[in-house]
Amino acid sequence: MPPANLPENETARLAALCQYNILDTPAEAAFDEIATLAAALCDTPIALVSLVDSTRQWFKAKIGLAVEETEREVAFCGHAILQPDLLIVPDASQDQRFADNPFVLDDPQIRFYAGAPLLTAEGHAMGTLCVIDSVPRDLSLEQAQALRVLARQVMTQLELRRHVKDLAQTVAQVTESERALQIAQATLESQVSDRTAALVQTNATLQVEINERLQAEKQLQQQVEHNRLLGAIAARIRESLQLDDILQTAVAEVRHFLQVDRVALYEIEVNQGGRFVVESVAPGCPSILGLVLHDHCFETDYAAQYQQGRISAIDDIEQAELSPCYREVLAPLKLRALLLVPIIFKEQLWGLLCMHHCSAPRPWQDFELSALQQLATQVAIGMQQAQLFQQVQQQAQREQLLNQISRALNASLDPNHILQEIVNQIGACFSVERVVVFALVAEQMQVLNEWRANDQVASLLHCRAPLNLWTAWLDPTSACYAPQLFQMPLLTAEQPASTEPGQQPSPSLAVLHVPINIGDQFLGGLCLHTTASQHTFTADELSLLEQIAAQAAIALCNAQSYERLEQLVQQRTQALEQEKLRSEAANRAKSEFLANMSHELRTPLNAVLGLSQMLQRELFGSLNPKQQEYVTCIHSSGNHLLLLINDILDLAKVEAGKEELALLPLSVSKLCAYCLTLVQERAFEQGLRLISHIDPRVSFCMADERRLKQILINLLSNAIKFTSVGDVSLTVQKQPQGLTFTVSDTGIGMAEAQIPLLFQPFVQLDSRLNRRYEGTGLGLALARELAQLHGGDITVESTLGQGSQFTLYLPDEPPGLKQIQPVTNLLIPSPRHTLSQRQTASSRRILVVEDDIASAMLLQDFLQALGHRVEHWADGSNFLERVQLFRPALILLDVQLPHGITGFDLLTALRQEAALYQLPVVMVTAMAMQGDRERCLAAGATDYLSKPIQTVQIESLLSQYLSVT
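Residues numbered from 1 in each chain as written. Predicted model: local features only at pLDDT ≥ 70, side-chain atom pairs only at ≥ 80, totals over all residues. Heavy atoms only, no water.

- Per an unreviewed UniProt entry, the recorded name for the chain is histidine kinase, and the organism is Stenomitos frigidus AS-A4.
- Looking at the Sequence similarities (unreviewed entry) heading of the UniProt record, one finds this comment for the chain: "In the N-terminal section; belongs to the phytochrome family." (UniProt positions renumbered as here; feature names shortened; annotations may be inferred.)

## Remarks on the pairing of strand β24 (residues 803-811)
In step 1: With seven of nine residues buried, β24 lies mostly within the body of the structure.
In step 2: Direction of pairing for strand β22 (residues 738-745) relative to β24: antiparallel, over a ladder of seven bridges. The residue of β24 that forms the bridge with F741 is L808.
In step 3: As defined by bridge partners, strand β23 (residues 793-799) adjoins β24 across seven bridges and the pair is classed as antiparallel. In the sheet register, T799 faces β24, and the bridge partner there is G803.
In step 4: As consecutive antiparallel partners, β23 and β24 are separated by three residues, and within that stretch G801 has a phi angle of approximately 85°, a positive value. (Buried < 20%, exposed > 50% of the residue type's maximum accessible area, 1.4 Å probe, protein only. Helix = DSSP H or I, 4+ residues; strand = E, 2+ residues; numbered from the N terminus. Pairing = 2+ DSSP bridges.)

## Quick notes on the UniProt feature "modified residue: 4-aspartylphosphate" (unreviewed entry) in the chain
In step 1: Here the UniProt feature "modified residue: 4-aspartylphosphate" (unreviewed entry) sits at D894.
In step 2: For D894, a relative accessible area of 3% gives the class buried.
In step 3: Beyond its immediate chain neighbours, meaning those up to four positions away, D894 contacts V849, E850, D851, G903, M923, V924, T925 and K947. (Contact = heavy atoms within 4.5 Å.)

## Remarks on the packing of aromatic side chains
Centre-to-centre distance and the angle between the planes together describe a pair of aromatic rings.
In step 1: Throughout the structure, instances matching the rule amount to four aromatic pairs.
In step 2: Geometrically, the ring pair formed by F76 and F98 is stacked, given 4.2 Å between the ring centres and 10° between the ring planes. Of the two residues, F76 sits in the loop between β3 (69-71) and α3 (77-80) while F98 sits in the loop between β4 (87-89) and α4 (102-105), which places them 22 residues apart along the sequence.
In step 3: Accessibility expressed as a relative area gives 0% for F98, which makes it buried. (Phe/Tyr/Trp six-rings, centres within 6.5 Å; stacked < 30°, edge-to-face > 60°.)

## Overview of the sheet that holds β22
Sheet strands associate in pairs through backbone hydrogen bonding, adopting either a parallel or an antiparallel arrangement.
In step 1: A sheet is described by the order of its strands in space; here five strands give the open sequence β19-β21-β22-β24-β23, paired in mixed fashion. A strand with exactly one partner marks an edge of an open sheet, and here the two such strands are β19 (689-694) and β23. In this sheet, adjacent strand axes meet at a mean angle of 15° when their direction is disregarded.
In step 2: Sitting on the sheet, helix α16 (residues 779-789) touches β23 and β24, and the angle it makes with β23 is about 135°. (Axes fitted to C-alpha atoms, helices over the stretch in contact; angles between N-to-C directions.)

What follows is the structure in structure tokens.
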């Protein structure tokens, strides 16, 4: 940190500091007390009286800090002495001058600093009175002013200390004079015998000189003793922060110091009269405490002089030349000698420090006058400290009251509870007998809440007053809204209903009233009543009550807003509940529609695909080329329709949030090789070149294998479909938090305006393309939904006529990562059993329960072609009896059957028969929605097949559930 600059008067400043002889001296109570007071007034843990010499800052007094001194170059006070007023650093860690200061970085972790310079009369800064805290903060105006006053007190102590030192030097000189006098006396005595005659002649003169010297020595000793006592008295005056204690200590110590009959403090009032507020009286001297004097000539003759520091000393009142009006004022006091010293408080004449001697005249010494002037200054300082302390206490009490009210208000939104808490807190804080809150109710002013000091105070609760007495309160422009004190009409015009038997309404002797407003709307008011005595409310009390009224208005507004908000929330909640019910009904209707559509489409597709596949395999005779072409077209069209149905169901499932991913670590190279193999034949047919490049840093990715293959195959298929010549490439690259799969082509491309339409379901960029490029417009929409389900996305870059680039981004850790073991597809044909092998298997009995004739014909004809004995039932009547008679080795069971009996009913009955419990039952159904497979297996099915069924799936079933011979 850069060190502070040196003051321009550094040499003179250091010389002045040395004159005080204060450095490296032991601790003194006066300075420690000032530091303690500074810490208390500013509410900080550390307070210091710091003196800055050429190389260091040394602490004369310290509170909350253990070190004795620090180097000057790291001292905050080095900066504070450069300016004439306070240096305040709210947050040292944010101040470039101190941010790297070792006392900021390490203990005591300084954040807040405030220092008042200790200025001599010549303007030299000896050091500072500073307060320190370890948290950022600031000083209030009252705290800042208090710190300045205490800094001046430190300088007063330094001056007093130096003065005492000077007196000590004078004593030393007197002592030296005594020693010289003793030597002179010894010399004189030795010469007496030799010069008797000469000494006789000069004896009178020498005796006078000796007497004068002795008198001077005595006066000097008295002055030293008086100065010592003066310092002790000043210290005792400053021991207390209570004004009454300070004043009582002052008069008692001064009377003991001067040995006079009476010392009193006379407080001057506004009309230039006054009264004696404190006194200390010797036995036998009459008391004048509380006596009021009206000095008619005070204003014209003496007030201005006392304001300038005039001291009035009268050794003998009877012999003094006094004006008649002054003698008239002094007559009740029965005085013989009088000494008056003005007390200047806040640059105004507060009163007089009065010394009365009643028994005899008394000459007043000059040192006494000087000492009393200093004592009057100390009394004024003590009064200022007491007032500051009282102000701090009052401010703390007000803040505590406001905090208590604020906590009470925040704890409830019940307006009645809020108002009752307010009157209770106000009653506990103010010196009144009754506190009420009234409001405008039904064209009348009514008391809503009340606090009473005791049961003897009449209750005004629920009392009403006519509105015509309160019209001014309804006008925001009236004087009632100005910040001043008001009298209000008493609400005892009607006897309150709650007045207890025998209780009489108490008249209000003093009333303080402030309105409670929300904006320009008058709600009511807060009233303070005194019924036992007169009371003058202060501006501070008015200000505090206005703050409480403002808090009450805010709390009431919040309570009203909360009630309205609660009603709105209830209405909105009901609306959302209705909307939720409608949404759930719509989702159920959508799911039911999709399920029904899937079932109704899959059932005929089952016959179309199955029978066309049987014709392709020529199981029942050969086909000519045209027939083979027709059958192939039928089968291809059926597969396209099945793909469309699956895409619709997949997209609906993803949009509804019902799709669950089976996340697994996948080999990227194997995945890409698989996808390229599937599209390779079509690319070769169009004369396209397939290119693949995988970043060496990429080995595995975390994804759902089936869904990722679905995305990549869709992107590759689209690239091949819309590219007539050139290349289609698949590039995999490592990214900071994941990896990208980029499919690029040299195809037709697209305009930038068309890109936002790509991922909308059932939308193709140009309807004219439908004649040339097949597709439903669902593939890219489903691919992007699946990518986002992985926590990734698909982005597009394209140029019309030059090609497109689709980039799939997948994160390394998809959201909700939970690895799931892959489910083995039991319907994949086992390589051990070929069709020829199965055809050599022994004929087995297979039962087909199917209500759709076409689906039943497909299963029955194909199984019989394989050599099995097949029986078909269209319903489930007499199911168990017929099963026991037929004794099948395998049952293919549909779910939806006629006559109100479902496949689940038949399966449940079958599984309850012990002899038939192990019989394999495969549910063959058009139910292909999410959860249908699990539902069938939970009902007791051995396996599950969704329509349409491929012949290879049937062969797999036979391979798995019928033994091969």
